[in-house]
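Listed below are the residues making up each chain.
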6 protein chains.
Amino acid sequence: MAHIHLIVPTVTEFNSLPLVEPLKQFGLTFSQSFITNGPASIESEFDELLAAPDVVLRAMEAEANGAEAAIVLCMGNPGVAQAREAVKIPVLGPGETAMHHAAMLGHKFSVIPTLARRRPTYEHHARHYGLESRLASVRPANVPVLEIEQNPKVFDVLLERARAAVEQDHADVLILGCIGFSGLDRRLEGALRERGHDVPVIDALPLTVLTAATLVRSGLRHAKNAYPYPPEKIYKGYEFPKRKE
Amino acid sequence: MAHIHLIVPTVTEFNSLPLVEPLKQFGLTFSQSFITNGPASIESEFDELLAAPDVVLRAMEAEANGAEAAIVLCMGNPGVAQAREAVKIPVLGPGETAMHHAAMLGHKFSVIPTLARRRPTYEHHARHYGLESRLASVRPANVPVLEIEQNPKVFDVLLERARAAVEQDHADVLILGCIGFSGLDRRLEGALRERGHDVPVIDALPLTVLTAATLVRSGLRHAKNAYPYPPEKIYKGYEFPKRKE
Amino acid sequence: MAHIHLIVPTVTEFNSLPLVEPLKQFGLTFSQSFITNGPASIESEFDELLAAPDVVLRAMEAEANGAEAAIVLCMGNPGVAQAREAVKIPVLGPGETAMHHAAMLGHKFSVIPTLARRRPTYEHHARHYGLESRLASVRPANVPVLEIEQNPKVFDVLLERARAAVEQDHADVLILGCIGFSGLDRRLEGALRERGHDVPVIDALPLTVLTAATLVRSGLRHAKNAYPYPPEKIYKGYEFPKRKE
Amino acid sequence: MAHIHLIVPTVTEFNSLPLVEPLKQFGLTFSQSFITNGPASIESEFDELLAAPDVVLRAMEAEANGAEAAIVLCMGNPGVAQAREAVKIPVLGPGETAMHHAAMLGHKFSVIPTLARRRPTYEHHARHYGLESRLASVRPANVPVLEIEQNPKVFDVLLERARAAVEQDHADVLILGCIGFSGLDRRLEGALRERGHDVPVIDALPLTVLTAATLVRSGLRHAKNAYPYPPEKIYKGYEFPKRKE
Amino acid sequence: MAHIHLIVPTVTEFNSLPLVEPLKQFGLTFSQSFITNGPASIESEFDELLAAPDVVLRAMEAEANGAEAAIVLCMGNPGVAQAREAVKIPVLGPGETAMHHAAMLGHKFSVIPTLARRRPTYEHHARHYGLESRLASVRPANVPVLEIEQNPKVFDVLLERARAAVEQDHADVLILGCIGFSGLDRRLEGALRERGHDVPVIDALPLTVLTAATLVRSGLRHAKNAYPYPPEKIYKGYEFPKRKE
Amino acid sequence: MAHIHLIVPTVTEFNSLPLVEPLKQFGLTFSQSFITNGPASIESEFDELLAAPDVVLRAMEAEANGAEAAIVLCMGNPGVAQAREAVKIPVLGPGETAMHHAAMLGHKFSVIPTLARRRPTYEHHARHYGLESRLASVRPANVPVLEIEQNPKVFDVLLERARAAVEQDHADVLILGCIGFSGLDRRLEGALRERGHDVPVIDALPLTVLTAATLVRSGLRHAKNAYPYPPEKIYKGYEFPKRKE
């Protein structure tokens, strides 16, 4: 049993466990935590920043509690790099995981995020991961995160963006650019198939959970040479659990 | 149970099943096939080419026999792109899978292949996958594939190359560049740790098997938009099973 | 007299000698061979793979027979890299030769291949050669190779694609992306000139023949450091002539 | 009089005003603030993260108090991107400013940061700014930030790293990679000149102050299209001043 | 008082001093010179070349006359690299300065030059400076330099190009691609703001003047390691003042 | 008979015709011209600039006199881009031609120029041509151009640089970085072969002549879309022959 911890990086206490319930059959067990300080949703680099300190704290607690890997449930991967410094277990961001798998499944991928303002963020991510030559486009849905659920046109908008990405930008893999779109992947694939396109649509959450399990099971984790522990020093206003070495 | 098929791309009929035996506990079942025509080992692009047609044939047969994913057991990924055109199940190459995971586990990775002549091959692969900015170096062991097993100094050589990659080229993740080095990953990590380096060493075989399982379990496969079936036409000298659509 | 050998990488036994007849005046002599095993046309990476082993064999035979350079008559360059390993004479692919010359003749080039599925292939080639910053676009004609000759609209289609490449993608050099389009270069240049565009159109076959002659005459050939002979080993199912060293 | 606000992103309340005193003659006036929550020094991405929320807050206060530009006094630019979202006045990071000016003053620059662990950070920055082709190397001094002042060998170490960067990596511009090295620029240039190297050494603090003044005086500021205000929403645990629009 | 010398690289003796008059309040003093041999306007690489020798001569004279920095008033930066070799004071080109500042003010910038033929020039510049990943597009106005002043539609054309750059190419910073457009920056920003775009428009002339002042005031100049004096030798047909060392 | 014109871009009136004499057997006829104004040798961007206006003039005269292609005899390609604007016949620079052919003959090439100060020039050229990923290194000989002939150690120095490029930088093709090294290519190849390296050494002059002939014979020339004629205007101090259209 690989123990995967899910960190929900918003103060909404959105329960993500039902989303990963179907993955338990693969020998996985889950825990979950929320941030206490931070935004209600993540739609800017400002939001990412305010979510991140608590994300790191949750990762440290999860490691202390025996989690074997931690996942931050936001495509912007807030706090992921810093949490990797703070702990030894693998910490995964779904945005990074999705982009690398997209690169393995086709030649060019597109990301469909919620808002147009996220375009530079995902372009920077692609460059940071080294995958800018594989990024076909970022095609924002223009739907705010907290309106996804009530908005009856979300699927139509996603399909329109997906077609533009495939037909105009030559993407052959698509990434749903918000965890809030989770669960629409197969339906979108089907609608594209009806229009003649055989294109995988990546719902990053299950993919990232299974990738975390792969790392645990193959004994791999992030290099401490790459993400060394922060040097000991005085911090004001933050309290962190004692490091588990 | 995810059914993963292993294709051994040499005519030596090397039995790879014992290598993946420990992965069965994760709900995996394995089959295996060998090429009939081709080289005894893969050490050149010439060798890769001569192995590849049979690799594609084996992938087609595996799909016909119900395999849910196929893996080609060579870091050069011979026949992988063409097999993706010929079948619908995911076909994975350990070289590609290892490079993308290496990019996720640190900032820069190095590959340690058998021979110096493989350096350009791995540099081209990194560029092809879009990961050239993450490749620190290729540090060949200078040990021919078929001498790995009898050569008592292989581990020492790998350690020397690994240290050079970490200390001189600033690699923080290492990839064993030949399936023949399989099983030396943890030992090499340990020897590096004694020298002050916390650096993951990737043995691509188990990693690729688990990644194949991840794709199967998350319902993902290669885009047919990216790897369409070859157009029907006359082929002389080759016989392929009827396509399963 | 430089002796250039032409390898036709399809089983159609298409006679290419008339195409190069006009080049004999420049002190060139030609021989030709066909593959025995492989596809009737090359329209996929699968086709390229199945053509390539025989291409390498033909290159080895050509070298044994005194050819001073060999050319593979397909823009996808099947078997070219492997043949360079197997022989010492220069082996040229028209796709690679055309791209480098296109880069010398203008700022950005576009390729017009037969089928949309070839787009990623040519994009990968450009990256492999290091020329991705010079590739304006790939604008497929959507005409299968074996229909080129009978299709009365081929020229109109090429002109439409050429105009799109020049006017929308800012290409200032064009490459005919299939040897089957050979001979349409000057006519296409003329039609573009009538529309105000002074843009060279590259028919890769004569260009590659003359480039091969240039190498022969300036005493240059591919580096064995780059393409070393394959190590001696057992091959099953393939028989190659003894190497000429 | 251009009013430039300096944000010291550590809890040490280090007084930076004396460092900029000589710049007042150029018609500049300065204010300064410190972070309340965060680290005593910045030596990791973890430290950057914990400093950043208060940096953004300080930038918002500075704008409310009439500052015309704000500068974050750390080469890692913590909170700079997020502050640009939160305010309308230009917010500058000395790391970014130094790299672009270095690119204008020569062909390749090297950065000399405090610690080896900062190498990937500066490599990522160079990529993020688009300047990776101009980065010759990162040559860490291996001196912790809070030991710079007492360490009598700091200058010798910097000179050794500078020479290595110039002589081995072909850098022709150098960037002092920590505000703590401020003031050593001219002395280091002189020592290099004695060894035959005419190479500018960038002390990023005065350069960034003057660049901020340039933006103010030429009426330029960061694009709100690039750094839009964060969407209004609930934030827990953070309190921000009302936005000045 | 920083003394900035302006070199007008055309034979029109266009008086540029009124353009920089408003910058005198920042403690700057200006001198100006014209080329004697060369073109009436700069619209081709041919024009740039013919202007450049005299530009270098003027830079040498300016240095001899006590100028602390020199600026060449053309976005193509003719003679800038060579003048940097010939003198020790900073020599700035407005095209280079504008691109680096554009990269600091947003994520992607576009250039609006006079003529379509300048597109490759600015694309090459962006690559040369290392900023190709930040260049969104080049959107030529199609107005010859010497017609700018009389053409009543220039502003409308600039606005149309600016909107295309922002709305279609996702530019968030704009560069006026000709010194002849000087002074239209704020008006263009305003017209874009009315259309919902908050995008800085860079008029390179004042920005470059202030950047030159920044270099002078922070004691920075171009590396002689990067731009060494030309070796002494015989030159026919050119006469240069004795070098000031 | 293809008529190739050679432009010697120095005022030394060095007779280059004997160097191309052996190429006459391939149906080529040569003419030659010198510059009147400019430097005695080309060792800086300053030298390149002062040579270039006369180079363009010579190209225009050559075209008027019936030359079918023109070559500028300097690896720095001075005036080549501008001459392409001024004439319609192909104008080739040996530096550009050599780099593209080097890229075709191996995986990575190194350039051995005369002086260390030329390193950035060749790095910029490689980037300009799009070939930066193929450039292994620039290894200057540190021999001034005009001392090549008398310096008895030139060959030893070249061999030392060549070995460093091959053994340390993994170059598998070498380019002699000065026309003054012309004729040492085969000897250098031989000396490298004795040390176990099979690496082509490119003497750019004959290669460029034959490439020019290839363009003439295949009816290709530079795109006027890429290099349009300079717009008509007033030029002072320069006189150019009437354009041949």
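Everything numeric in this text was worked out from a predicted model, so none of it was measured. (Residues numbered from 1 in each chain as written. Chains lettered and ligands numbered in written order. Predicted model: local features only at pLDDT ≥ 70, side-chain atom pairs only at ≥ 80, totals over all residues. Heavy atoms only, no water.)

1. Comments concerning the interface of chain A and chain E
Here is the rule: The contact criterion used throughout is that any non-hydrogen atoms of two residues lie within 4.5 Å. The term buried area denotes the loss of accessible surface (1.4 Å probe radius) that occurs when two parts are joined, taken as the sum for both partners. We define a salt bridge as a contact between a side-chain nitrogen of Lys or Arg and a carboxyl oxygen of Asp or Glu at a distance within 4 Å. Counted as a polar contact is a pair of N or O atoms within 3.5 Å, where, for protein atoms, one must be capable of donating a hydrogen and the other of accepting one, and residues adjacent in sequence contribute only when both atoms are in side chains. Residue polarity is assigned by list, with Asp, Glu, Lys and Arg as charged and Ala, Val, Leu, Ile, Met, Phe, Trp, Tyr, Cys and Pro as nonpolar; anything else, Gly included, falls into the polar class.
At the junction of the two partners, chain A supplies five residues and chain E supplies five residues. Together, the buried faces of chain A and chain E total about 400 Å²; carbon and sulfur atoms form 56% of this surface. Along the contact surface separating chain A from chain E lie zero salt bridges. Taken together, the links from chain A to chain E amount to one residue pair in polar contact (both at pLDDT 80 or more). For the side of chain A that touches chain E, the per-class residue count stands at one nonpolar, one polar and three charged.

2. Let's talk about the relation of the copies chain A and chain B
For clarity, the cut-off: What sets the superposition is a least-squares fit of C-alpha atoms, and only residues with pLDDT of at least 70 in both copies go into it.
Once chain A has been moved 0.0 Å along the axis and rotated by 180 degrees, it coincides with chain B to within an RMSD of 0.0 Å. Classification of the inter-copy transformation places it as that of a two-fold axis. Take the interface residues of chain A: 100% of them recur as interface residues in chain B, which is what a same-surface contact looks like.

3. Things to note about the relation of the copies chain A and chain E
Of the transformation superimposing chain A on chain E, the axial component is 0.0 Å and the angular component is 120 degrees, with the fit at an RMSD of 0.0 Å. Both copies of the chain, as the preceding transformation shows, are related through a three-fold rotation axis. Of the C-alpha atoms belonging to chain A, the one lying closest to the rotation axis is found on S133 of chain A, 6.3 Å away.

4. With respect to the side chain of T121 of chain A
All names here are of chain A. Put simply, the rule reads: Only DSSP runs of H or I with at least four residues qualify as helices, and only runs of E with at least two residues qualify as strands; both kinds are numbered from the N terminus onward. Burial classes: relative accessible area under 20% of the type maximum marks a residue as buried, over 50% as exposed, and values in between as partly exposed (1.4 Å probe, protein chains only).
Along the polypeptide, T121 turns up in helix α5 (residues 119-129). For T121, a relative accessible area of 3% gives the class buried. Within the local environment of T121, its side chain forms a polar contact with the side chain of E45, the two groups lying 3.1 Å apart. Ignoring any residue separated from it by four or fewer positions in sequence, one finds T121 in contact with E45 and E48.

5. As for the pattern of salt bridges
As enumerated under the stated definition, the model contains 102 salt bridges over all chains in all. As a salt-bridge pair, E21 of chain C and K24 of chain C come within 3.4 Å of each other at their nearest N and O atoms. Using a relative accessible area of 40% as the deciding quantity, one classes K24 of chain C as partly exposed. With a shortest N-O distance of 3.3 Å, E85 of chain F and R117 of chain E are connected by a salt bridge. With one member in each of two chains, E85 of chain F in helix α3 (residues 80-86) and R117 of chain E in the loop between β6 (109-112) and α5 (119-129) form a pair that bridges those chains. Across the pair, R117 of chain E and E85 of chain F agree in class, each one buried. Each of R127 and E132 of chain A together with R127 and E132 of chain D takes part in a single network of salt bridges with overlapping partners.

6. Digging into the domain arrangement of chain A
All names here are of chain A. Rule in force here: Source of the domain bounds: an automatic or database domain assignment.
For chain A, the assigned domains are domain 1 (2-93 + 205-217) and domain 2 (95-204). Computed from C-alpha coordinates alone, the two centres of domain 1 and domain 2 are separated by 21 Å. Counting residues at the interface gives 21 residues for domain 1 and 24 residues for domain 2. A per-residue breakdown of the area domain 1 buries against domain 2 is headed by E43, M75 and L207, which together make up 40% of the total. Connecting domain 1 to domain 2 are two salt bridges. With a shortest N-O distance of 2.5 Å, R118 and E48 are connected by a salt bridge. The tally of links from domain 1 across to domain 2 stands at 13 residue pairs in polar contact (both at pLDDT 80 or more). Those elements that provide at least two residues to the side of domain 1 that touches domain 2 are α2 (45-64) and α8 (204-217). Top contributing element to the side of domain 1 that touches domain 2 by residue count: α8, with five residues. Counted by class, the side of domain 1 that touches domain 2 contains 10 nonpolar, seven polar and four charged residues.

7. Notes on the interface of chain A and chain B
For interface size, the figure often reported is the accessible area lost on association. The interface of chain A with chain B comprises 46 residues on the first partner and 46 residues on the second. Surface buried jointly by chain A and chain B totals about 3800 Å² across both partners, of which 57% is contributed by carbon and sulfur atoms. The three residues of chain A that bury the most area against chain B are M104, L105 and D198 of chain A, which together make up 17% of that side's buried surface. Counting every contact that joins chain A to chain B gives two salt bridges. Notably, a salt bridge pairs R221 of chain A with D198 of chain B, separated by 3.0 Å at the nearest N-O pair. Summed over the shared surface of chain A and chain B, the number is 18 residue pairs in polar contact (both at pLDDT 80 or more). Those elements giving two or more residues to the side of chain A that touches chain B turn out to be α4 (94-105), α5, α7 (185-194), β9 (201-202) and α8 of chain A. Looking at the side of chain A that touches chain B element by element, the count peaks at seven residues for α4 of chain A. Taken together, the residues of the side of chain A that touches chain B sort by class into 18 nonpolar, 16 polar and 12 charged.

8. A closer look at the packing of aromatic side chains
Selection rule: Only Phe, Tyr and Trp rings take part, Trp by its six-membered ring, and two of them pair if their centres are within 6.5 Å. Stacked means planes under 30 degrees apart, edge-to-face means over 60, and tilted covers everything else. Note on geometry: a ring has a charge over it if NZ (lysine) or CZ (arginine) is within 6 Å of the ring centre and within 35 degrees of the ring normal.
In this structure the tally under the stated criterion is 18 aromatic pairs over all chains. Ring geometry for F46 of chain E versus F240 of chain F: centroids 5.1 Å apart, planes at 55 degrees, classification tilted. With F46 of chain E in helix α2 (residues 45-64) and F240 of chain F in the segment after β10 (235-236), the pair connects residues from two separate chains. Taking relative accessible area as the criterion, F240 of chain F reaches 22% and is therefore assigned partly exposed. For R187 of chain E, the ring lying beneath its charged end belongs to F155 of chain E, and the centroid distance is 3.7 Å.

9. Describing the state of the cysteines
Residues and elements named next belong to chain D. Which entries qualify depends on this criterion: In this description, a disulfide is simply a cysteine sulfur pair whose atoms lie within 2.5 Å.
Under the counting rule described, the total for this entry stands at zero disulfides over all chains. Note on C178: no disulfide assigned, nearest cysteine sulfur contributed by C74 at a separation of 7.1 Å. C178 sits in the buried class, given a relative accessible area of 13%.

10. Digging into the packing of helix α2 (residues 45-64) of chain B against helix α2 (residues 45-64) of chain C
Cut-off, in case you're wondering: Fitted lines through C-alpha atoms give the axes, limited to the stretch in contact for helices. The angle between two N-to-C directions lies from 0 to 180 degrees. In this scheme, roughly parallel covers angles under 35 degrees and roughly antiparallel covers those over 145, while 65 to 115 is roughly perpendicular and the rest are oblique. In a left-handed crossing the near helix is turned counterclockwise from the far helix by less than a right angle, and in a right-handed crossing that turn is clockwise.
Interhelical geometry of α2 of chain B versus α2 of chain C gives an angle of 130 degrees and a closest axis separation of 10 Å. Classified by the angle between their axes, α2 of chain B and α2 of chain C sit oblique to one another. When the axes of α2 of chain B and α2 of chain C are compared, the crossing they make is left-handed. Judged by residue contacts, F46, L49, L50, A52, P53 and V56 of chain B of α2 of chain B engage F46, L49, L50, A52, P53 and V56 of chain C from α2 of chain C.

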